[in-house]
Amino acid sequence: MYRDPSVFPDPDLLDLQRNARLHVSFGYGVHQCLGQPLARMELQVAYPALLRRIPTLALATEVEPIPFKHDGFVYGAYELPVTW
Ligand code: HEM
């Protein structure tokens, strides 16, 4: 569902402005993540602080060779080379 074009137009595009209210990043239903409000607050604090402290932070590689976890329960990158 997370890449379902009937739910998210152009689902493979990273669009940080998209109004993605129906995503299931924190699960759904009775087992929906209990830590969701804490996680949201931490990210709202951590990302601006990181970019404020290290304004030159950038990817140290092209996006293409970054190995992503298509094989696990929790999605993400195996490694993310950065430079600053
Ligand atoms: C970005 C951070 C996080 C993500 C993406 C996330 C994601 C999820 C997901 C997808 C589930 C549902 C798993 C399922 O359906 O069985 C879940 C459950 C849960 N999460 Fe999180 N989580 C995050 C952070 C946290 C934090 C910070 C806490 C606690 C401080 C937390 C506590 C829990 C608990 C207790 C459950 C089990 C709820 C239940 O089964 O009733 N999570 N989380």
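To be clear, the structure that these remarks concern was listed above.
Residues numbered from 1 in each chain as written. Predicted model: local features only at pLDDT ≥ 70, side-chain atom pairs only at ≥ 80, totals over all residues. Heavy atoms only, no water.

A few points about the overall build of the protein chain
Put simply, the rule is: By definition, any uninterrupted DSSP run of H or I lasting at least four residues is a helix, any uninterrupted run of E lasting at least two residues is a strand, and each is numbered from the N terminus. Values of the radius of gyration come from C-alpha atoms, whereas the globule rule sets the reference at 2.2 Å times the count of residues to the power 0.38. Burial here depends on accessible area, computed with a 1.4 Å probe over protein chains only, as a share of the maximum for the residue type. Under 20% is buried, over 50% is exposed, and the range in between is partly exposed. Each accessible area value is a Shrake-Rupley result obtained with a 1.4 Å probe; residue values ignore everything except the protein chains displayed when judging cover. By the counting scheme adopted, Arg and Lys are positive, Glu and Asp are negative, and His together with the chain ends is not counted. By convention, the charge on Lys lies at NZ, on Arg at CZ, on Asp at CG and on Glu at CD.
Summing up its helical and strand segments, the protein chain has one helix and two strands in all. Moving toward the C terminus, one meets the helices and strands of the protein chain in the order α-β-β. The C-alpha radius of gyration of the protein chain comes to 15 Å, more than 25% above the 12 Å expected for a compact globule of 84 residues. Taking the principal axes of its C-alpha atoms as reference, the protein chain extends roughly 40 × 30 × 25 Å. Out of the 84 residues in the protein chain, the part that is buried amounts to 5%. Of the accessible surface of the protein chain, which amounts to about 7700 Å², a share of 60% is contributed by carbon and sulfur atoms. Where the 7 positive side-chain charges of the protein chain centre and where its 9 negative ones centre are 12 Å apart.

Overview of the site of the ligand
Put simply, the test is: Near residues are defined by distance, with any heavy atom within 4 Å of the molecule or strand qualifying the residue. Whenever a nitrogen or oxygen atom comes within 3.5 Å of another N or O atom, the pair is scored as a polar contact, on the condition that within protein one atom can donate a hydrogen and the other can accept it, and that pairs from neighbouring residues in sequence are kept only if both atoms are in side chains. Three residue categories are used. Nonpolar comprises Ala, Val, Leu, Ile, Met, Phe, Trp, Tyr, Cys and Pro, charged comprises Asp, Glu, Lys and Arg, and polar comprises the others, including Gly.
As a matter of local geometry, the ligand sits amid S25, F26, G27, V30, H31, Q32, C33, L34, G35, L38 and A39. Separating an oxygen atom of the ligand from a side-chain N or O atom of H31 is a distance of 2.7 Å. Residues that form the shell around the ligand fall into these classes: six nonpolar, five polar and no charged.

Some details on the environment of Y78
What counts here: Residue contacts are counted whenever heavy atoms from the two residues lie within 4.5 Å of one another.
In this fold, Y78 is placed in the loop between β1 (58-59) and β2 (82-83). Here the alpha-carbon distance between Y78 and G35, two residues 43 residues apart in the chain, equals 23 Å. The contact partners of Y78, leaving out residues within four places of it in the chain, are P67, F68, K69 and D71.

Some details on the layout of surface pockets
Heads up, the condition is: Only protein atoms enter the calculation, which uses a 1 Å grid: trapped sets of points that fit a 1.4 Å probe without letting it out are cavities, open sets showing protein on both sides within 12 Å along at least five of seven lines are pockets, and any residue with an atom within 4 Å of a point is a lining residue. Grid points are joined across faces, edges and corners, and a volume is the space filled by probe spheres set on the points. Boundaries between domains were set according to an automatic or database domain assignment.
A volume near 2000 Å³ is recorded for the largest pocket. The residues that make up the lining of the largest pocket include at least three from each of domain 1 (1-53) and domain 2 (55-84). Of the voids in this model, the second largest pocket is the one considered here, and its volume is about 210 Å³. Residue lining of the second largest pocket: Y47, L50, L51, L57, A58, L59, L80 and V82, and that is the complete set. Residue contributions to the lining of the second largest pocket peak at three residues, all from helix α1 (residues 36-53). Here the lining of the second largest pocket is built from residues that sort into eight nonpolar, no polar and no charged. A domain split of the lining of the second largest pocket shows at least three residues from each of domain 1 (1-53) and domain 2 (55-84).

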